[in-house]
Protein chains: 2
Amino acid sequence: MERIPVLQVGMGGVGRTLVEQVLTFNERFGGRYGFRFAYVGLADRQGAIVADERIPPAVLLEALAAKRAGSSLADVPAGGPLLDWRNLLTPVPCIIVDVTAQDDAELGLAEAVVQGHRVVLANKKPLCGSMETFRALTERGNTRYEATVGAGLPVISTLRSLLDTGDPVTRISGCFSGTLGFLMTQLEDGQPFSAAVLEAKQRGWTEPDPRDDLSGMDVARKALILARTSGFSAEMEDVAVEPLFPDQLGALSTEEFLAELPTLDHEYRDRFDTIAGQGTTLRYAAQVALDRLSVALTEVPRDSPIGSLRGPDNLVVFQTQRYAERPLSVRGPGAGVEVTAAGVLSDMIALGREWR
Amino acid sequence: MERIPVLQVGMGGVGRTLVEQVLTFNERFGGRYGFRFAYVGLADRQGAIVADERIPPAVLLEALAAKRAGSSLADVPAGGPLLDWRNLLTPVPCIIVDVTAQDDAELGLAEAVVQGHRVVLANKKPLCGSMETFRALTERGNTRYEATVGAGLPVISTLRSLLDTGDPVTRISGCFSGTLGFLMTQLEDGQPFSAAVLEAKQRGWTEPDPRDDLSGMDVARKALILARTSGFSAEMEDVAVEPLFPDQLGALSTEEFLAELPTLDHEYRDRFDTIAGQGTTLRYAAQVALDRLSVALTEVPRDSPIGSLRGPDNLVVFQTQRYAERPLSVRGPGAGVEVTAAGVLSDMIALGREWR
């Protein structure tokens, strides 16, 4: 039974769930595929646990309990302080899993790929640096990132398979944000904008500062990742992004912003009222094509695939040379710790099966 | 650049398109993944071309031309007669690709897997023998069969990924036949049953004998494959199948059957007329669950995901522990030589990336 070394950076909700799913995979499926994952490093923002061979499952479970209780890995018996995840890299190739939202990891990751490590990302940011870094990270197929778009939905793997079998993409469209999907359904059902945002926040579906969702930047990153994977050369500034709040609310503190939310209720009520009775609705939709990269509030027929979305479901529609008249589409919940961790694990399994 | 030996059995429409797609993959993506496919054997019903190292691309192109002109591989300069594809097996492990509709291949394929060969199937029949043979063929993950359900749509890979990440399936439902999907749309639009069947036949969307589609057996095989892959132990006779023609038409010749088709027009007109104005329609739908395996003409709301299908689109809806309230679904055309060959090629690429 081969042991595949894993270094996981990030111990938030997705990271903790991933550790549990990896332990279950090792028990149930190690036999099927002839390998198990062995954690050699586990890091959060301040601390890390490391091991030469593998961190024993009992220690992983202790770390999970400590994290749930609010401690850092720096403070658990097996752990210690950490300055930089790159200090944890092993001399032998490992799978580096980034389940953080950290900035500026891309250069270190690209370097690690050159050294023979494999990379699995739930973190979108390393794929949204320069096009050059994107290429360095991904061109050998040793970096996988299913969970960056649609969480556990088969989006990136489907796209990769279309491209590899010689079917060029002409357009990818759809709704890539469960949070904004929920918001649109609530607005459609008559809830004021401010109340809908607060409800999404209370359900834990927004970032701590909801502007990180309302800015459209999260959807824009997903659009950029799909564009680049499709072979379109594009930078972040090429994505036309419509934010869901006006500029002047951008400079406020989170608390001030939340207090100002009701000032936007009227505008969104108006936008939905204007189209009432016309058989259309509004969705926060993305368009990814060679000549157009945009994410914006878009009027769509209510009975169209996008218009019939409800709640946090994502929809990704692929139009290609072969799927031209009749597109290929994938639909389902595109957020949540369980399904996001599953997207990461399925990438790890694919890399494990390719291990040599 | 590693060369991965491939033995392809079947040179019909899908088989010929696959050869072309493999040649394109070798040119475009060999560099990305560090390997190319090398045909060591190519077989049709009567003949074969074999090579120790690889069949040169020029010979492959000649074989394609000869097949298109109606010849057998037995008659091309590089070819010879063939009794049994198992005679073509190489001493070193290869990828065996079955793009035929042959019966009774499963035991030979299972044996080949034990010997270290990998298998890729577009042929559903080898997966529909006994449950024991299914397990022998698939348990190590060395047999892949994306194209058996939904052609190029990511159905089997999605299911495998759900299971591997610890998400048990509770139910899979949907429409798995492009041919019957087309038929239902035509009936819904008022075309007589006999005319719709003949139109599907003329478009090349039915088997030579349309009863092979109308019997529901093709959909039943897909349902059985999904059930078995989900971990449900089931045999072909466990699938409740509603055929679209009465028993007494089963014994006729194909020509006699086609001549009798108009006798069924009235019944189908009645069935659609009965539900007219009720907001429902009829679809040939499949249900796959632990306690129920069925394929049948089913009344569904017209605005439901299944009811809104048009033409040859397939829909596969996965309900699992994680995707319980909101299912994960895949939709798109589930037939056609280009997309079916692409489903086979994507399996070959996955196996190639795992090659060792």
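On a predicted model such as this, the values are computed, not experimentally measured, just so you know.

1. Quick word on the overall build of chain A
The helix and strand tally for chain A stands at 12 helices and 13 strands. Relative to a compact globule of 356 residues, whose C-alpha radius of gyration would be 21 Å, chain A shows 21 Å and is just as compact. Principal-axis analysis of the C-alpha atoms gives chain A an extent of 65 × 50 × 35 Å. For chain A, with 356 residues in total, the buried portion stands at 60%. Excluding contacts between residues fewer than 6 apart, the proportion of contacts in chain A whose partners are at least 24 apart in sequence is 67%. When the accessible surface of chain A is totalled, it reaches about 14400 Å², and 49% of it is carbon and sulfur. Each charge sign in chain A was given a centre, from 35 positive and 47 negative side chains, and these centres are 7 Å apart.

2. Observations regarding the relation of the copies chain A and chain B
For the pair chain A and chain B, the superposition axis carries a translation of 0.0 Å, the fit reaches an RMSD of 0.0 Å, and the rotation angle comes to 180 degrees. These values place the two chain copies in the arrangement generated by a two-fold rotation axis. In terms of C-alpha distance to the rotation axis, chain A has Glu354 of chain A as its closest residue, with the C-alpha 2.0 Å off the axis. In this assembly, 100% of the residues forming the interface of chain A have copies in chain B that are likewise at the interface, indicating an isologous arrangement.

3. Notes on the sheet that holds strand β9 (residues 240-241) of chain A
Within the open sheet, the 12 strands sit side by side as β9(A)-β11(A)-β10(A)-β8(A)-β12(A)-β13(A)-β13(B)-β12(B)-β8(B)-β10(B)-β11(B)-β9(B). Their pairing is mixed. Both edges of this open sheet fall to β9 of chain A together with β9 (240-241) of chain B, since each of them pairs with a single strand only. Sheet topology places strand β13 (residues 328-333) of chain A next to strand β13 (residues 328-333) of chain B; three bridges connect them, and they run antiparallel. Residue pairing across strands places Ser329 of chain A opposite Arg331 of chain B, the latter belonging to β13 of chain B.

4. Some thoughts on the packing of aromatic side chains
All names here are of chain A. Applying the stated rule across the entire model yields 20 aromatic pairs over all chains. Both rings, one in Phe25 and one in Phe35, keep their centres 5.8 Å apart while their planes meet at 35 degrees; by these two values the pair is tilted. With Phe25 in helix α1 (residues 13-33) and Phe35 in strand β2 (residues 35-43), this pair connects stretches of sequence that are 10 residues apart. Like Phe35, Phe25 is buried. Judged by centre distance (6.4 Å) and plane angle (70 degrees), the ring pair of Phe134 and Tyr145 falls under edge-to-face. Taken together, the positions of Phe134 in helix α4 (residues 131-138) and Tyr145 in the loop between β7 (143-144) and α5 (156-164) put the pair 11 residues apart, joining distant regions of the chain. An identical accessibility class is assigned to Phe134 and Tyr145; each is buried. Through a chain of ring-to-ring contacts, three or more aromatic side chains come together here, namely Phe25, Phe29, Tyr33, Phe35 and Phe37. The ring of Trp355 carries the charged tip of Arg118 above its face, separated from the ring centre by 4.6 Å.

5. Here's the deal with the domain arrangement of chain A
All names here are of chain A. Per the domain assignment, the segments making up chain A are domain 1 (2-151 + 338-353) and domain 2 (169-333). A separation of 29 Å is found between the C-alpha centroids of domain 1 and domain 2. In this complex, domain 1 contributes 13 residues to the contact, which on the side of domain 2 involves 15 residues. The interface formed by domain 1 and domain 2 includes one salt bridge. The salt bridge partner of Asp218 is Lys124, with a shortest N-O separation of 3.2 Å. Where domain 1 packs against domain 2, one counts six residue pairs in polar contact (both at pLDDT 80 or more).

6. A word on the interface of chain A and chain B
Taken residue by residue, the interface counts 48 residues in chain A and 48 residues in chain B. Summing both sides of the interface, chain A and chain B together bury roughly 3900 Å²; the carbon and sulfur share of this comes to 46%. Run the count over chain A and chain B and you get eight salt bridges. One salt bridge connects Glu2 of chain B with Arg356 of chain A, and the closest N-O pair in it is separated by 3.6 Å.

7. Structural notes on helix α3 (residues 106-114) of chain B
Residues and elements named next belong to chain B. Within the sequence span of α3, burial applies to Glu106, Gly108, Leu109, Ala110, Ala112 and Val113. Turning to α3, the residues buried within the fold contact β5 (95-98), β6 (118-121), α4 (131-138) and β7 (143-144). Phi for Gly116, located one or two positions after α3, is positive at around 105 degrees.

8. Some words on the environment of Leu163 of chain B
Of note, Leu163 of chain B is situated in helix α5 (residues 156-164). For Leu163 of chain B, a relative accessible area of 11% translates into the label buried. Taking the C-alpha atoms as reference points, Leu163 of chain B and Gly231 of chain B, separated by 68 residues in sequence, lie 8.9 Å from one another. Excluding residues that lie within four positions of it along the chain, Leu163 of chain B makes contacts with Phe29 of chain A together with Val169, Thr229 and Ser230 of chain B.

Cut-off values and rules
Residue positions are counted from 1 within each chain, in the order its sequence is given. Chains carry letters from A onward and ligands carry numbers from 1 onward, assigned in written order. Only residues with pLDDT of at least 70 get local features here, since the model is predicted, and only at 80 or more are side-chain atom pairs given and counted; chain-wide, interface and lining totals rely on the full set of residues. By convention in this description, side-chain values take in all heavy atoms of the structure and omit both hydrogens and water. Secondary structure follows DSSP: runs of H or I at least 4 residues long count as helices, runs of E at least 2 residues long count as strands, and numbering of each begins at the N terminus. Radius of gyration means the value over C-alpha atoms here, while the globule rule gives 2.2 Å times the residue count to the 0.38 power. Burial here depends on accessible area, computed with a 1.4 Å probe over protein chains only, as a share of the maximum for the residue type. Under 20% is buried, over 50% is exposed, and the range in between is partly exposed. We call two residues in contact when some of their heavy atoms are within 4.5 Å. The Shrake-Rupley method, run with a 1.4 Å probe sphere, supplies the accessible areas, and residue values consider only the shown protein chains as cover. Positive charge is attributed to Lys and Arg, negative charge to Asp and Glu, and no charge count is given to His or to the chain ends. Charge coordinates come from a single atom per side chain, which is NZ of Lys, CZ of Arg, CG of Asp or CD of Glu. In superposing the copies, a least-squares fit is computed on C-alpha atoms, taking residues whose pLDDT is at least 70 in both. For two strands to be treated as a pair, DSSP must find no fewer than two bridges joining them. Here a pair means two rings of Phe, Tyr or Trp (six-membered ring of Trp) with centres within 6.5 Å. Their orientation is stacked below 30 degrees between planes, edge-to-face above 60, and tilted elsewhere. Whether a charge lies above a ring is judged from NZ of Lys or CZ of Arg, which has to be within 6 Å of the ring centre and within 35 degrees of the ring normal. Those domain boundaries reflect an automatic or database domain assignment. Here, a salt bridge means any Lys or Arg side-chain nitrogen found within 4 Å of an Asp or Glu carboxyl oxygen. Here a polar contact means two N or O atoms within 3.5 Å. Within protein one must be a hydrogen donor candidate and the other an acceptor candidate, and residues neighboring in sequence count only if both atoms are side-chain atoms. Values labelled buried area give the accessible surface lost by two parts on being combined, using a 1.4 Å probe and summing over both.

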